[in-house]
Amino acid sequence: MLDLLVVGDANPDVLVHGAPDVPPYGQAETLVGGGVLALGGSAAIAAHGAARLGLATAFAGLVGRDAAGDFVLDALGTAGVDVSRVVRHDTLPTALTVCLNRPGGDRAILTASGCLAEFGPEHVPDVAARHVHAASYFLQPRLAGALPALLRGHRASGATTSLDTNDDPSGRWELAPGLLAECTFLLPNEAEALALSGRAALSEALDALAGAGCVPVVKRGGEGAVALRADGTAVRAGAPRADPVDTVGAGDSFDAGFLAGWLDRGDLAHALALGAVCGALSTRAAGGTAGQATLAEALAHIA
């Protein structure tokens, strides 16, 4: 049996550092501080991080029959992720993201969704896993509508489940009815938690999301993370001090660490601590995966 099945998006990330706030048009060429081609997509980065932490991980997604799809599959497969269940679309291209990064971690994200909008439940294999994690909910509308039933089926087989919605480009933040009740864990960052709950304060957002039937686990960057148990008890973990090179994918690396910690001990406090360390360590290199921690590194920081 797999430890982890990750369902969702995968694409190349083109990371540009030192770009002006508004690049000049008129066919003007602007020199920037740096550029990196890296594995992108919240689900793919989380799967890569989980495999690096030692979890038996498979990825279910949709990519094109193009060089970008080849790049994605090679990056995941080299990390030890089982990509045998990834489907390749015959005509539509693999998604592509360009990140314009500012010092301090802020960035503009430009995504061409390619075949992502066509990814649906028929592309998700019926395999046994201890945990099923889904990501980038709002970029995959066909999958989104079927996600409650998909997660319900895995829970009926004894798996735990999680969802990292990521940002909603439409700004509506509407989830399928009953979805959160099928999620053991919801893994938003603080801004996403506020938007999903419609609340103005984090404590209110935690209460509202927990009331929908899940355990909300909220990522707070340099301030660590906080979760709310079903009994109303808050659990917190701090983040190690870091001087970030690049924060792209830090939340997805947190997801990988959190799930590795949960699957190892079934203890929320340990999972939070491991997630916070993995998220922080991932920022030490450009791109979402180059700085991801091994389990030995992460545990050493916790100790």
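- As annotated in an unreviewed UniProt entry, the chain carries the name Carbohydrate kinase family protein and is attributed to Actinomadura nitritigenes.

1. Topic: the pattern of salt bridges
In step 1: Throughout the structure, instances matching the rule amount to 12 salt bridges.
In step 2: Across the pair Arg-85 and Asp-82 runs a salt bridge, and its minimum N-O distance is 2.6 Å.
In step 3: Residue classification places Asp-82 among the partly exposed residues on the basis of a relative accessible area of 26%.
In step 4: Here Lys-219 makes a salt bridge to Asp-164, at a shortest N to O gap of 2.8 Å. Taken together, the residues Lys-219 in strand E12 (residues 215-219) and Asp-164 in strand E10 (residues 160-164) connect sequence positions 55 residues apart.
In step 5: Each of Asp-164, Lys-219 and Asp-255 takes part in a single network of salt bridges with overlapping partners.

2. Some remarks on the layout of surface pockets
In step 1: Size it by volume and the largest pocket reaches roughly 1,400 Å³.
In step 2: Every residue lining the largest pocket is counted, 48 residues in all, and those nearest its centre are Arg-107, Asn-189, Thr-247, Gly-249 and Gly-251.
In step 3: Mapped onto the lining of the largest pocket, the elements with two or more residues apiece are strand E2 (11-17), helix H1 (42-52), strand E7 (96-101), strand E8 (107-112), helix H4 (190-197), helix H6 (250-265) and helix H7 (268-281).
In step 4: Ranked by residues supplied to the lining of the largest pocket, first place goes to H6 with four residues.
In step 5: The residue makeup of the lining of the largest pocket, split by class, is 17 nonpolar, 19 polar and 12 charged.

3. Things to note about the pairing of strand E9 (residues 129-135)
In step 1: Summarising burial for E9: six of the seven residues are buried, a large majority.
In step 2: Bridge analysis of strand E1 (residues 2-7) against E9 gives five bridges, and the strand direction is parallel. From the neighbouring strand, Val-6 faces E9, where its bridge partner is His-133.
In step 3: As paired strands, E9 and E10 are joined by five bridges and run parallel to one another. The residue of E10 that forms the bridge with Ala-135 is Asp-164.
In step 4: Following the backbone out of E9, through helix H3 (residues 141-156) and into the adjacent parallel E10, one traces a crossover that is right-handed.

4. Comments concerning the side chain of Glu-182
In step 1: With respect to the secondary-structure elements, Glu-182 resides in the loop between E10 and strand E11 (185-186).
In step 2: Residue Glu-182 is classed as buried on the basis of its relative accessible area, which comes to 13%.
In step 3: Those residues in contact with Glu-182 that sit more than four places away from it in its chain are Pro-148, Leu-151, Arg-152, Arg-155 and Thr-161.

5. With respect to unusual backbone geometry
In step 1: Despite not being glycine, Gln-27 shows a phi value in the positive range, around 60°.
In step 2: In this fold, Gln-27 is placed in the loop between E2 and strand E3 (34-40).
In step 3: Residue Gln-27 is classed as exposed on the basis of its relative accessible area, which comes to 85%.
In step 4: We note that Asn-166 has phi near 60°; this positive angle belongs to a residue other than glycine.
In step 5: Counting through the fold element by element, Asn-166 comes out in the loop between E10 and E11.

6. Observations concerning the side chain of Thr-283
In step 1: For Thr-283, the position within the fold is in the loop between H7 and helix H8 (295-302).
In step 2: Not counting residues up to four positions away in its chain, the partners in contact with Thr-283 are Ala-242, Pro-244, Val-245, Asp-246, Thr-247 and Ala-250.

7. Considerations on the sheet that holds strand E13 (residues 225-228)
In step 1: With respect to topology, eight strands assemble into an open sheet ordered E4-E1-E9-E10-E11-E12-E13-E14, the strand pairing being mixed. Unpaired on one side and paired on the other, strand E4 (57-60) and strand E14 (234-237) mark the two borders of the sheet.
In step 2: Two elements, E13 and E14, share four bridges in a ladder whose sense is antiparallel. Within E14, the residue paired with Leu-228 across the bridge is Ala-234.
In step 3: Against the sheet, H1 makes contact with E1, E4, E9 and E10, and its axis sits at roughly 165° relative to E4, the strand it touches most.

Definitions and limits used
- Residues numbered from 1 in each chain as written.
- Predicted model: local features only at pLDDT ≥ 70, side-chain atom pairs only at ≥ 80, totals over all residues.
- Heavy atoms only, no water.
- Salt bridge = Lys/Arg side-chain N within 4 Å of Asp/Glu carboxyl O.
- Buried < 20%, exposed > 50% of the residue type's maximum accessible area, 1.4 Å probe, protein only.
- Helix = DSSP H or I, 4+ residues; strand = E, 2+ residues; numbered from the N terminus.
- 1 Å grid on protein atoms, 1.4 Å probe; cavity = no way out; pocket = protein on both sides within 12 Å on 5 of 7 lines; lining within 4 Å.
- Points joined across faces, edges and corners; volume = space filled by probe spheres on them.
- Nonpolar A, V, L, I, M, F, W, Y, C, P; charged D, E, K, R; others polar.
- Pairing = 2+ DSSP bridges.
- Right-handed = clockwise from strand over helix to strand, strands pointing away.
- Contact = heavy atoms within 4.5 Å.
- Axes fitted to C-alpha atoms, helices over the stretch in contact; angles between N-to-C directions.

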